[in-house]
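# Survey of secondary and tertiary structure
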Amino acid sequence: MFSNIVRILERYWNLFLIGTGYTLLMSAITVLFGLIFGALLALLRKNRLGIPIGKKKFYPIRFLAVAYIEIIRGTPILLQLYFFYFLLPMLFPILNLSKFTSIMVALIFNSSAYVSEVIRAGIEGVDHGQMEAARSLGLSSRQTMMKIILPQAIKNILPAMGNEFIMMIKETSLSSTFFVGDLMTQYKTVSGALYLSIEPLMIVGFIYFVLTFSLSKGVAVLERRMSAGD
Amino acid sequence: MTEASYEYLINVTDLHKSFGDLHVLQGVSEHISKGEVVSIIGPSGGGKSTFLRCLNLLEVPDAGSIVFEGVDITDKKVDINLHRQKMGMVFQHFNVFPHMTVAENITMAPVLLGKKTKAEAEEMAKELLNRVGLLEKSKEYPKRLSGGQKQRLAIVRALAMEPDVMLFDEPTSALDPEMVGEVLNVIKNLVKDGMTTVIVTHEMGFAREVSDRVLFMDGGIIAEKGTPEELFGSPQNPRTKEFLGKVLY
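## Focus on the overall build of chain B
A tally of helices and strands in chain B yields 9 helices and 10 strands. The globule rule puts the C-alpha radius of gyration for 249 residues at 18 Å, and the 18 Å found for chain B is close to it. Along the first, second and third principal axes, the C-alpha set of chain B runs to 55 × 45 × 35 Å. Taken across its 249 residues, chain B has 55% of its residues classed as buried. Of all intrachain contacts in chain B linking residues separated by at least 6 positions in sequence, the fraction that spans at least 24 positions is 66%. Carbon and sulfur atoms form 48% of the exposed surface of chain B, whose accessible area is close to 11000 Å². Within chain B, the 35 negative side-chain charges are centred at a point lying 4 Å from the centre of the 28 positive side-chain charges.

## Overview of the interface of chain A and chain B
Taken residue by residue, the interface counts 20 residues in chain A and 23 residues in chain B. Taking both partners together, chain A and chain B bury about 1900 Å²; carbon and sulfur atoms supply 60% of that area. It is A:Glu132, A:Ser136 and A:Leu137 that lose the most area in chain A upon contact with chain B, and together they represent 32% of the buried surface on that side. Counting across the interface, chain A meets chain B through 1 salt bridge. Between B:Arg53 and A:Glu132 there is a salt bridge; the shortest N-O distance is 2.6 Å. One can count 6 residue pairs in polar contact (both at pLDDT 80 or more) joining chain A with chain B. Elements with a contribution of two residues or more to the side of chain A that touches chain B: helix 5 (128-136) and helix 6 (141-171) of chain A. The element that contributes the greatest number of residues to the side of chain A that touches chain B is helix 5 of chain A, accounting for 7 residues. Taken together, the residues of the side of chain A that touches chain B break down into 7 nonpolar, 8 polar and 5 charged.

So, how was this worked out
Residues numbered from 1 in each chain as written. Chains lettered and ligands numbered in written order. Predicted model: local features only at pLDDT ≥ 70, side-chain atom pairs only at ≥ 80, totals over all residues. Heavy atoms only, no water. Helix = DSSP H or I, 4+ residues; strand = E, 2+ residues; numbered from the N terminus. Rg over C-alpha atoms; globule rule 2.2 N^0.38 Å. Buried < 20%, exposed > 50% of the residue type's maximum accessible area, 1.4 Å probe, protein only. Contact = heavy atoms within 4.5 Å. Areas by Shrake-Rupley, 256 points an atom, 1.4 Å probe, with all protein chains shown as cover. Lys, Arg positive; Asp, Glu negative; His and termini not counted. Charge placed at Lys NZ, Arg CZ, Asp CG, Glu CD. Buried area = accessible area lost by both parts, 1.4 Å probe. Salt bridge = Lys/Arg side-chain N within 4 Å of Asp/Glu carboxyl O. Polar contact = N/O pair within 3.5 Å; in protein donor to acceptor, adjacent residues only side chain to side chain. Nonpolar A, V, L, I, M, F, W, Y, C, P; charged D, E, K, R; others polar.

Shown next as structure tokens:
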């Protein structure tokens, strides 16, 4: 088995390298856009536009944001990948979207929902007294958010974003269903060419583990640094 | 606005506030004149803190009016942020900003709100910190400060906005006993300088010493009020008597 692994590596090392590159790139893009849209979603969740219904108020924008988040979190990511994979080319046939793009869109839609919860928790984790102190000095709610709440929330959010990145490294493997070039896709290629499963799986598994383990150690260091500032 | 155009600095009329089913303020009316020092005492749950927090609209009252410097700040058209600049507030749990240095805690608001240039604010921060014995801490972060030092910082942070009134919400309740004195001394000096002050406190000796008037709040109303001599010396209301009997031993 060991000699098989060495032979596979000698012959296909470049495929694993490309796969690692794709996996990292896809995760990074997903988290980056997830952060942007997640922040937007978190904002929409706080939207104050309300329609009075009897004594209560209905908040349509909030409702849509929450519905989106709950639906994404309540359905399997693989289903979402399939959904966008079929939906997007149907909706925008002119754009001639590659399957890679469709998958990326699906991953970003998924990640945004989770990241928005991370951001919300980060903001709500800041002591309520901070807001009161800032407002009592005469700061507007916007100034309070920018100068007082967000700088402190970042300390909660950043490590959680590192964890989201680690999650994404693993979740992008599902996109191999559509052969988009990630690590797991490379496993399928190698395994198909050699009629071998265990050895390429061990190689790919080892790469995944090294990536996630070292990154989670990095996040732990980051977390310690951040809390040292308090 | 000229000072002569209003009779009281703060004039509160028939204030009501509920949290769910809990009717915390049940019609509070009171006025505070410029330069006055008013202490609010009473059992917990009596509405003291809620009343104080209504004065700068950290709690929005359900009914009643609060006229501050001639303007009804409960009017929704009023820009409350402008009026809050003139009302300093100090909290039980300090609420200093942990991500800013001691000096930045002080200079942030005046600079951001355009009251002072950065250089002016820094000069003032030095002076204020010197006044409360924290000058050598100005570059430190609040985590390096003791509770008493944090509260002194919180006081000068509020003073940096040059407010017309200072509101204290149980400023020594979260402090270790040996640090209470240093914070009370700072407040005493403020009072000596003529700052209009409203303070919710459990420090009866302090209230007696510095106040022009004392309000006893219980059950969502001002149950009794008077000079410290009247209220502590010969309380009329049986609830005041009972409360003072418990806390003054």
